[in-house]
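# Structural overview for review
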Amino acid sequence: MMSVQEFKSVLKTEAASVEEYLSTCLHNRNIPQRLLDAMEYSLLAGGKRLRPVLCRAVAAMFGADKTQVMPFASAIECIHSYSLVHDDLPAMDDDDLRRGKPSNHKAFDEATAILAGDGLLTEAFVLMTETAENISAASVLQALNTMAVAAGSGGMVGGQQLDMDFTGRDDVSLEELQKMHAMKTGALIRCSCESGAILGGASAENVERIRIYGANIGAAFQIVDDILDETGTEEELGKPVGSDLEQGKNTYPSMLGIDKSRELAQQLVDDAVEQLSAFDGAEAQFLRKLAQYIVDRVS
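Heads up: these notes are all about the structure in this document. (Residues numbered from 1 in each chain as written. Predicted model: local features only at pLDDT ≥ 70, side-chain atom pairs only at ≥ 80, totals over all residues. Heavy atoms only, no water.)

### Digging into helix α3 (residues 50-61)
The criterion, for reference: Helix and strand labels come from DSSP, where a helix needs a run of H or I of at least four residues and a strand needs a run of E of at least two; each type is numbered from the N terminus. What a helix is expected to span follows from its residue count: subtract one and scale by 1.5 Å. The cut-offs for exposure are 20% and 50% of the maximum accessible area for each residue type, with area from a 1.4 Å probe on protein chains only; residues under the lower value are buried, those over the upper are exposed, and the others partly exposed. Residue contacts follow a heavy-atom distance rule, with two residues in contact if any of their heavy atoms lie within 4.5 Å.
End to end, α3 covers 16 Å across 12 residues, agreeing with the expected 16 Å (1.5 Å per residue, within 8%). Burial analysis of α3 places 12 of its 12 residues in the buried class, which makes it a mostly covered element. The set of residues buried in α3 consists of Leu-50, Arg-51, Pro-52, Val-53, Leu-54, Cys-55, Arg-56, Ala-57, Val-58, Ala-59, Ala-60 and Met-61. Residues of α3 that are buried sit in contact with α1 (4-22), α4 (66-87), α9 (174-199), α10 (204-231) and α15 (282-296). Count one or two residues on from α3 and you reach Gly-63, which has phi positive near 100°.

Listed below in structure tokens is the structure:
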């Protein structure tokens, strides 16, 4: 079995590999310098790189070469970064800080931040199609379609709309909160796993197992973020503690309390790990540890 120390070492190595690729993936694309600076300001601002790491690990579990999957995996991080840039805008969450640094529209200006987000989203699909140089076009097309749906108006974008609709309301149900987060946060994490399985050539049955795994850890990830917003430090969060409650957002702790929120996150992780019971090997062990790592951040 993989120890916690071994897991953290692998996670660090995997994140560094993604970081190295991201540092040059937007170069030589005829992007105006100020726009490129703004795009890379957010893309290279750090973070756990959870989504591309998940995509590559799942693909490798089914026999794919991680190097060949890298463009697609990194494209997911571009989509994630664009969503953060736009979420921080004055018309959205109006946040001045992101990962401990001025948010994009504060470091540049609002118009450039909008364009930086647009650029990151569009370049993501360029990167995804480049995966077809080494992986079958049919698999890439299926994975790309899945990703587009997850990132689109029925997924992440729609979830952001619901988040704005629900802000300041005291009549939002737990089911509505779960649906909103499954779209806004969960969809991209779920699809990171699902697309990895598709690119790895997994059977339809196994893609479904991985889809459930990803959906569960995506939900757990959001619960943990909600808890940390109340119990973490500004250094950990990269933004003021309690900003969600200050903005009138509905959260799991505000509905369930801290302890029950932790219990729900652990149950989701346990259910996710159960989906991996049919798989062996180092990558499967890593994915099990990664699921538990998500909830251990608030244990």
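### Section: the packing of α3 against α9
Threshold: Here an angle of 0 to 180 degrees is reported between the N-to-C directions of two axes, which are lines fitted to C-alpha atoms, with helices fitted over the stretch in contact. We call two directions roughly parallel when the angle between them is under 35 degrees, roughly antiparallel when it is over 145, roughly perpendicular when it lies between 65 and 115, and oblique otherwise. It is the rotation of the near helix from the far one that decides the hand of a crossing: anticlockwise by less than a right angle makes it left-handed, clockwise makes it right-handed.
Here α3 crosses α9 at 25°, and the two axes come no closer than 7 Å. Between α3 and α9, the angle is such that the two are roughly parallel. The element α3 and its partner α9 pack so that their crossing is right-handed. Note on element contacts: α9 touches α3 through Leu-188, Ile-189, Ser-192, Cys-193, Ser-195, Gly-196, Ala-197 and Leu-199, opposite Leu-50, Arg-51, Leu-54, Cys-55, Val-58 and Ala-59.

### Things to note about unusual backbone geometry
Generally, phi is negative for residues other than glycine and the peptide bonds are trans, each holding for most cases. Not every positive phi belongs to a glycine, and Arg-49 is a case in point at roughly 55°. Note that Arg-49 resides in the loop between α2 (33-43) and α3. Judged by relative accessible area, Arg-49 falls into the buried class, the value being 1%. Phi at Asp-94 is positive, roughly 55°, even though this residue is not glycine. Examined against the element boundaries, Asp-94 turns out to sit in the loop between α4 and β1 (97-98).

### Let's talk about the environment of Asp-95
As for its placement among the helices and strands, Asp-95 is situated in the loop between α4 and β1. The contact partners of Asp-95, leaving out residues within four places of it in the chain, are Asp-88, Ser-103, His-105 and Gln-247.

### Some points on the side chain of Arg-56
Note the threshold: Under the rule applied, a polar contact is a pair of N or O atoms within 3.5 Å (in protein, one hydrogen donor and one hydrogen acceptor; residues adjacent in sequence only if both atoms are side-chain atoms).
Among the structural elements, Arg-56 can be located in helix α3. By relative accessible area, which is 5% here, Arg-56 ends up buried. A polar contact is formed between the side chain of Arg-56 and the backbone oxygen of Lys-66, at a distance of 3.0 Å. In this view, Arg-56 contacts Glu-14, Ser-17, Val-18, Lys-66, Thr-67, Val-69, Met-70 and Ala-73; residues no more than four positions away in its chain are not counted.

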